[in-house]
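# Tertiary structure, described
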Amino acid sequence: MLMRRLLFSAALLAILAQAVYAREWTDATGRFKTEAELVKVEANKAFLKKQSDGATIQVPIAKLSQADQAYLKTLESPAPELTATGQSAFPLGTAGCIGLMVIDPSPVFEQEALSVDPLKPLLEQGVEAAGIDFRKIQQVVVFFNKPNMEALTPDDAETGVAVVEFSEPVDPAPVLAKIPTEYEATTVADKPCHKPADADFPWICVLDEKTFVVSPNEKSLTSALSAKGDDPDLAQLLKATGEENEIRYVINLVPVKDMIAMARNAIPPTAPPESGKIFDVVEKIDSIRFTVDLDGPPAVELVLQAADEAAVAAMETEIKAGLAKLPELAQAGMQAAAAAQAAGGEEAGVEMGPAMMAGPMIAAQAGSISEKLAFEPQGSALKISIKFSPGDAPLGEQLVEQAVQTAEAIAMLKNMEGSPFGTPPQN
């Protein structure tokens, strides 16, 4: 159940975005009103795009009603950043978190290919399905809490939350209307939130008119909204990733060393010797930093921080040994899955699982994966990066190009008689 919630939350984050939210604006006298979208605030003026004719007008802020002026002040909060003290300035405090993932999708959403065929109609279908234009997400921040090994049910576990930030006000009503469950208005930590009738769907809270919080359960949401202050180690980790990275993932493993040991002890005696090798690596890691640059020269880097240089050398040896065994492990996984399917048959409900489907691909790509990785010890840290060819396009462009190719393939399949994407064959 928890996995279904997390998958739905991830899908929701993929489609949540900023729809320009029209509201009623009133002048200081109360006699003049107009439905308009806020375009920007500049030089003490509000630039408003009228719904009636699409014209943009400039209104001195001083001539707006007190309510409108108060509303504009709520939009003046600074963008999330790391302060000079190393404390994070995200919408929620990071106290109690072991990790953060920060995603800025603008290098992908700003690609011109998204506004023309074949992607444009697909994106418009996504907007219709979501109730919001997902191309204008400003930032997504996922807060990971330390897992509770004693939680009896998913509702007892504090799994973390995702914060979706927008550049302009957004109305949550269209999003809630598209989710296939009823939502009840409620309050969590003094914030207006929406509780799902079906526990398989996420809670959604409105921090302000430009910020949503999505959580798999009330406990995680309450913990996140009630957090005070920031975790200094996590903030320093995030600062070390640099501000130029569009995707940043940082995790401090020191607080969960006991859980790693518990997981290692839970390996059954009958498991293959290789099963514990991953823990040989993980137990030496104190923190992880992962960064991706989408709009500059292609760069994907993973930095593993350990206690000392000896641990770094051991990690590099174990990781390379694990990569060398990928083909063997993939083959073993395929054979085990095939044996289970043969023994159970269709009557037992054994289907082609992920191991059987991914195994051949892993086995075929294992060699090239190893060749494309560069290992660089840096004192008590190990940097692992992907090798890119000189002159490769930015990763954002590559992602959009792959999306275009996929859309073209889908369009071609739709025109093929008998295609699962098209019309059924005629008898």
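Residues numbered from 1 in each chain as written. Predicted model: local features only at pLDDT ≥ 70, side-chain atom pairs only at ≥ 80, totals over all residues. Heavy atoms only, no water.

### What to know about the pattern of salt bridges
Keep this limit in mind: Salt bridges, as used here, are contacts in which a Lys or Arg side-chain nitrogen is within 4 Å of a carboxyl oxygen on Asp or Glu. Numbering of helices and strands runs from the N terminus, with a helix taken as a DSSP run of H or I at least four residues long and a strand as a DSSP run of E at least two residues long. Accessibility here uses a 1.4 Å probe with only protein chains present; expressed as a share of the type maximum, an area under 20% marks a residue as buried, one over 50% as exposed, and anything in between as partly exposed.
Scanning all chains against the criterion turns up 9 salt bridges. Where Arg-264 meets Glu-283, a salt bridge forms, and the shortest distance between an N and an O atom there is 3.2 Å. A residue pair is termed long-range when its members are at least 10 positions apart, and Arg-264 in helix H8 (residues 257-265) and Glu-283 in the loop between helix H9 (277-282) and strand E13 (285-293) qualify at 19 residues. Taking the relative accessible area as the measure of exposure, Arg-264 reaches 27% and is therefore partly exposed. Where salt bridges share partners, they join Arg-264, Asp-280 and Glu-283 into one cluster.

### Observations concerning the packing of aromatic side chains
The following threshold applies: In summary, the pairing rule links any two rings of Phe, Tyr or Trp, Trp by its six-membered ring, whose centres are within 6.5 Å, and it sorts them by plane angle into stacked for under 30 degrees, edge-to-face for over 60 and tilted for everything else. Note on geometry: a ring has a charge over it if NZ (lysine) or CZ (arginine) is within 6 Å of the ring centre and within 35 degrees of the ring normal.
One pass over the structure, following the stated rule, counts 3 aromatic pairs. For the pair Phe-144 and Tyr-249, a centre-to-centre distance of 6.0 Å together with 80° between the ring planes defines the contact as edge-to-face. Linking Phe-144 in strand E6 (residues 137-145) with Tyr-249 in strand E12 (residues 247-252), this pair joins segments that are 105 residues apart in sequence. The class for Tyr-249 is partly exposed, based on a relative accessible area of 23%. When the ring of Phe-166 is compared with that of Phe-212, the centres are 5.2 Å apart and the planes differ by 85°; the resulting orientation is edge-to-face. A residue pair is termed long-range when its members are at least 10 positions apart, and Phe-166 in strand E7 (residues 161-166) and Phe-212 in strand E11 (residues 211-215) qualify at 46 residues. Neither residue differs from the other here; Phe-166 and Phe-212 are each classed as buried. Above the plane of the ring of Phe-375 lies Lys-320, whose end atom (NZ or CZ) is 5.0 Å from the centre.

### Regarding the nonpolar core
Keep this limit in mind: To define a nonpolar core, start from buried Ala, Val, Leu, Ile, Met, Phe, Trp, Tyr and Cys residues and group those joined through side-chain atoms within 4.5 Å.
Of all hydrophobic cores here, the largest spans 30 residues; its most connected members are Leu-114, Leu-119, Val-164, Ile-179, Tyr-183, Phe-212 and Val-400. When residues of this core are traced back to their parent elements, those giving at least two are helix H3 (106-109), helix H4 (119-130), E6, E7, helix H5 (173-178), strand E10 (203-208) and helix H13 (395-414). At 4 residues, the largest contribution of residues to this core is made by H13.

### Quick notes on the confidence of the model for the protein chain
Condition: The pLDDT value expresses, per residue, how confident the predictor is, ranging between 0 and 100. Every residue pair with non-hydrogen atoms within 4.5 Å of one another is taken to be in contact.
Looking at the protein chain, pLDDT values average 78 and 76% of them are 70 or higher. A low-confidence stretch, residues 77-88 (pLDDT under 50), is modelled with 24 contacts involving residues beyond four sequence positions or located in other chains.

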